[in-house]
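Given next are the chains, with one letter for each unit.
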Amino acid sequence: MSFSILGTGSALPSRVVTNEDLSLLVDTSDEWIKTRTGITERRVCTEESITELAVQAAQKALEDSGCSADELDLIICATMSADYTTPSMACVLQMQLGASCPAFDINAACTGFLYALDVAAGYFARTADQKILVVAAEAMSRLVDWQDRGTCVLFGDGAGAAVLGKGNDLLAIQTGAKGNISSLYAENGWGNSPFHKQAEGDVASGCSSYLHMDGQEVFRFAVTSMVQTVEQVLDEAGLAKEDIAWLIPHQANIRILDSAISRLKLPKEKCLTNIAVRGNTSAACVAILLDEASRGGKLKKNDLLALTAFGGGLTTGACILRWSR
Ligand code: UT7
């Protein structure tokens, strides 16, 4: 017994930020961003809060599933850029949706949606839970340094959600982590503690709270881990690559996807992507892409989907899902 996806939803800020817009902020160009990343534009929060987008995505997923908020047994949010450190985004969502179930956030950076699915599968196996809402929502515009051309051109904001019901469609799932600070991190400050002393030689000491990234190191990790994790979950499910109808990967860089697909020897047409218009929305990428593929009519009943993501941590995750809707 695992789960089935009963409905999906997503929500984006209304403001489109193009590569041209960014070339007015930092020393970059449409040509560089497009050829090095595959991104043309992304959505960025202006007046919307990330909680509002999470609520909208959740409401659409509930509507799509035919479930009401009071039927939910659990809410899990995957985020590292919530409006509050406490309460969790999931608790705010619970209040705004009118649900009454337990609710908590998890942070696995860009792999958050996959981790949340894994946690949900555990709840279904261990409890009498019937319906779980998983939301992945990120305001990356809050974390990036808008003066750093190496990162600000990559990210976008958005939210994706899925309502899960007890079922048998999760055929395999794996999550992993390779403890690492230096490749990708954003440090929390010490507030105004009069007792805090900055340690000399501290990896991140003295740095701003913005996102710092060693792009090339993450790139190498991304390609290797995408290939390995997809092969592992296929193995676990007793399936071959040819059985996959759609690969639904994290959207970090089109060159990462091209490289991973070619190593996996999968036809390019089987890899879904929206990076050109969404950028990298961290944990929300896979959830948004899944919803757009569902609403766009791409997914057919009994299609086998391979979801995969990687991110800060360094975390990885992949799963095989049967689309039974
Ligand atoms: O969700 C997970 C998070 N992140 C990722 O998965 C990111 C993985 N990494 C990447 O996608 C790529 O490494 C980047 C897109 C970040 C960078 O692409 P790259 O091909 O690895 O470029 P690079 O870092 O080797 O930089 C090449 C040049 C450098 O200039 P010099 O030193 O050769 O003169 C950079 O300063 O490109 C320069 N550069 C830019 N130029 C114009 C870096 N960013 C920009 C920019 N516009 N936005």
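Throughout, residues of each chain are indexed from 1 in the direction in which the sequence is written. The model is predicted, so local features are restricted to residues of pLDDT at least 70 and side-chain atom pairs to those at 80 or more, both for listing and for counting; the totals for chains, interfaces and linings are taken over all residues. To get the side-chain values, all heavy atoms of the structure are used, and hydrogens and water are removed first.

Engineer: Would you take a moment to explain the overall build of the protein for this structure?
Structural biologist: A helix here means a DSSP run of H or I that spans at least four residues, while a strand means a run of E at least two residues long, and both kinds are numbered starting from the N terminus. If you tally the helices and strands in the protein, you get ten helices and 13 strands. Between the two quantities, the radius of gyration covers C-alpha atoms and the globule rule is 2.2 Å times the number of residues to the power 0.38. Taken over C-alpha atoms, the radius of gyration comes to 19 Å for the protein, in line with the 20 Å a tight globule of 325 residues would show. Along the longest, intermediate and shortest principal axes, the C-alpha atoms of the protein span 50 × 45 × 35 Å. Burial classes follow relative accessibility: with a 1.4 Å probe on protein chains only, a residue under 20% of its type's maximum area counts as buried, one over 50% as exposed, and anything between as partly exposed. Classification of the 325 residues of the protein by burial places 54% in the buried group.

Engineer: Just checking my understanding: could you explain the site of the ligand for this structure?
Structural biologist: In this text, near means that some heavy atom of the residue lies within 4 Å of the molecule or strand in question. Residues in contact with the ligand amount to 23 residues; listed here are only the nearest, Thr 28, Gln 216, His 250, Asn 253 and Asn 280. What qualifies as a polar contact is a pair of N or O atoms within 3.5 Å, subject to a donor-acceptor requirement within protein and to the restriction that residues adjacent in sequence count only when both atoms come from side chains. Side-chain polar atom of Trp 32 to a nitrogen atom of the ligand: 3.4 Å apart, as the coordinates give it. Asn 253 has a polar side-chain atom sitting 2.7 Å from an oxygen atom of the ligand. Using a 1.4 Å probe, the Shrake-Rupley method yields the accessible areas, and only the shown protein chains count as cover for residues. Protein contact buries 73% of the 950 Å² of open area that the ligand shows by itself. Mapping the ligand onto the cavity grids shows that it belongs to the second largest pocket. Elements supplying a minimum of two residues to the shell around the ligand: helix H2 (30-37), helix H6 (149-152), helix H7 (215-237) and helix H8 (254-264). Of the residues forming the shell around the ligand, the biggest block, four residues, is contributed by H7. Domain delimitation follows an automatic or database domain assignment. Mapping the shell around the ligand onto the domain boundaries places at least three of its residues in each of domain 1 (4-168) and domain 2 (172-181 + 210-323). A pocket here means an open set of points on a 1 Å grid, computed over the protein atoms alone, that has protein on both sides within 12 Å along at least five of seven lines. A cavity is instead a set of points where a 1.4 Å probe fits but cannot get out; residues with an atom within 4 Å of a point line either one. Occupancy of a cavity or pocket is assigned to a molecule whenever over half of its atoms lie within 2 Å of that pocket's grid points.

Engineer: What should I look at first to understand helix H3 (residues 50-65) in this one?
Structural biologist: Taking 1.5 Å of rise per residue, 16 residues should cover 22 Å, and H3 covers 22 Å from first to last C-alpha, within 8% of that figure. Close packing links the buried residues of H3 with strand E1 (2-11), helix H4 (89-97), strand E6 (131-139) and strand E7 (157-167). Directly after H3, the chain includes Gly 66, whose backbone phi takes a positive value near 75°. Expected helix span is computed as 1.5 Å times (number of residues minus one). Throughout, a residue-residue contact means that at least one pair of heavy atoms, one from each residue, lies within 4.5 Å.

Engineer: Explain the state of the cysteines to me, please; I cannot follow it from the model alone.
Structural biologist: Any covalent bond linking the sulfur atoms of two cysteines counts as a disulfide. Disulfides are defined in this document as cysteine sulfur pairs within 2.5 Å. All chains considered together, the criterion is met by zero disulfides. Free cysteine Cys 91: the closest other cysteine sulfur is in Cys 77, separated by 8.9 Å. Given the relative accessible area of 33%, Cys 91 is considered partly exposed. Left without a disulfide partner, Cys 101 is nearest to the cysteine sulfur of Cys 91, which lies 9.3 Å away. The exposure class of Cys 101 is buried, given its relative accessible area of 7%.

Engineer: Got a minute to help me understand the packing of aromatic side chains in this structure?
Structural biologist: In this description, a pair of aromatic rings is defined by centroid distance and the angle of the planes. Pairing of aromatic rings covers Phe, Tyr and Trp, the last counted by its six-membered ring, and requires centre-to-centre distances within 6.5 Å; plane angles under 30 degrees mean stacked, over 60 mean edge-to-face, and any other angle means tilted. Per the stated rule, a full pass over the model turns up two aromatic pairs. For the pair Phe 3 and Phe 124, a centre-to-centre distance of 6.1 Å together with 45° between the ring planes defines the contact as tilted. With Phe 3 in strand E1 and Phe 124 in helix H5 (residues 112-126), the pair connects residues that are 121 residues apart, well separated along the chain. Aromatic side chains Phe 104 and Tyr 123 sit 6.2 Å apart centroid to centroid with 35° between the ring planes, which places their arrangement in the tilted category. Of the two residues, Phe 104 is situated in strand E5 (residues 103-106) and Tyr 123 in helix H5; the sequence distance between them amounts to 19 residues. For Phe 104, a relative accessible area of 23% translates into the label partly exposed. In this scheme, the term charge over a ring applies when either NZ of a lysine or CZ of an arginine sits within 6 Å of the ring centre and within 35 degrees of the ring normal. Sitting above the plane of the Tyr 123 ring, Arg 126 keeps its charged end 5.0 Å from the centroid.

Engineer: Explanation requested: unusual backbone geometry in the structure shown.
Structural biologist: Residues apart from glycine generally show negative phi values, whereas peptide bonds are mostly found in trans. The step from Thr 86 to Pro 87 runs through a cis peptide bond, and the omega angle for that step is 5°. A cis amide bond, omega -5°, links Gly 313 with the succeeding residue Leu 314. Summarising the element assignment, Leu 314 is placed in the loop between strand E12 (303-311) and strand E13 (315-323). Unlike most non-glycine residues, Asn 302 shows phi in positive territory, near 75°. Inspection of the secondary structure puts Asn 302 in the loop between helix H10 (284-295) and E12.

Engineer: Got a minute to help me understand the environment of Ala 237 in this structure?
Structural biologist: Mapped onto the elements, Ala 237 comes out in helix H7. By relative accessible area, Ala 237 is classed as partly exposed at 24%. The spacing of Ala 237 and Ile 173 is 64 residues in sequence and 8.8 Å in space, taken between C-alpha atoms. Look past the residues within four positions of Ala 237 in its chain and what remains in contact with it is Leu 171, Ala 172 and Ile 320.

Engineer: Just checking my understanding: could you explain the pairing of E7 for this structure?
Structural biologist: Along any regular strand, the residues point their side chains to alternate faces of the sheet. Within E7, ten of the eleven residues are buried, which leaves it mostly tucked inside the rest of the structure. DSSP bridges decide pairing: two strands pair if at least two such bridges lie between them. Judged from the nine bridges that link them, E1 and E7 form a sheet pairing that is antiparallel. Directly across from Ser 4, in E7, lies its bridge partner Gly 165. Where E6 meets E7, nine bridges bridge the pair, whose relative direction is antiparallel. Note on E7: the bridge partner recorded for Ile 132 is Leu 164.

Engineer: Could you clarify how one ought to interpret the domain arrangement of the protein in this entry?
Structural biologist: Much of the literature gives interface size as the accessible area that the parts lose upon coming together. The domains assigned to the protein are domain 1 (4-168) and domain 2 (172-181 + 210-323). With centres defined by C-alpha atoms, the gap from domain 1 to domain 2 works out at 16 Å. Opposite the 46 residues of domain 1 that make contact, domain 2 presents 43 residues. Both faces considered, domain 1 and domain 2 share a buried interface measuring about 3,400 Å² in area, 63% of it formed by carbon and sulfur atoms. Buried area, as used here, totals the accessible surface that two parts lose on assembly, with accessibility defined by a 1.4 Å probe and the loss added over both.

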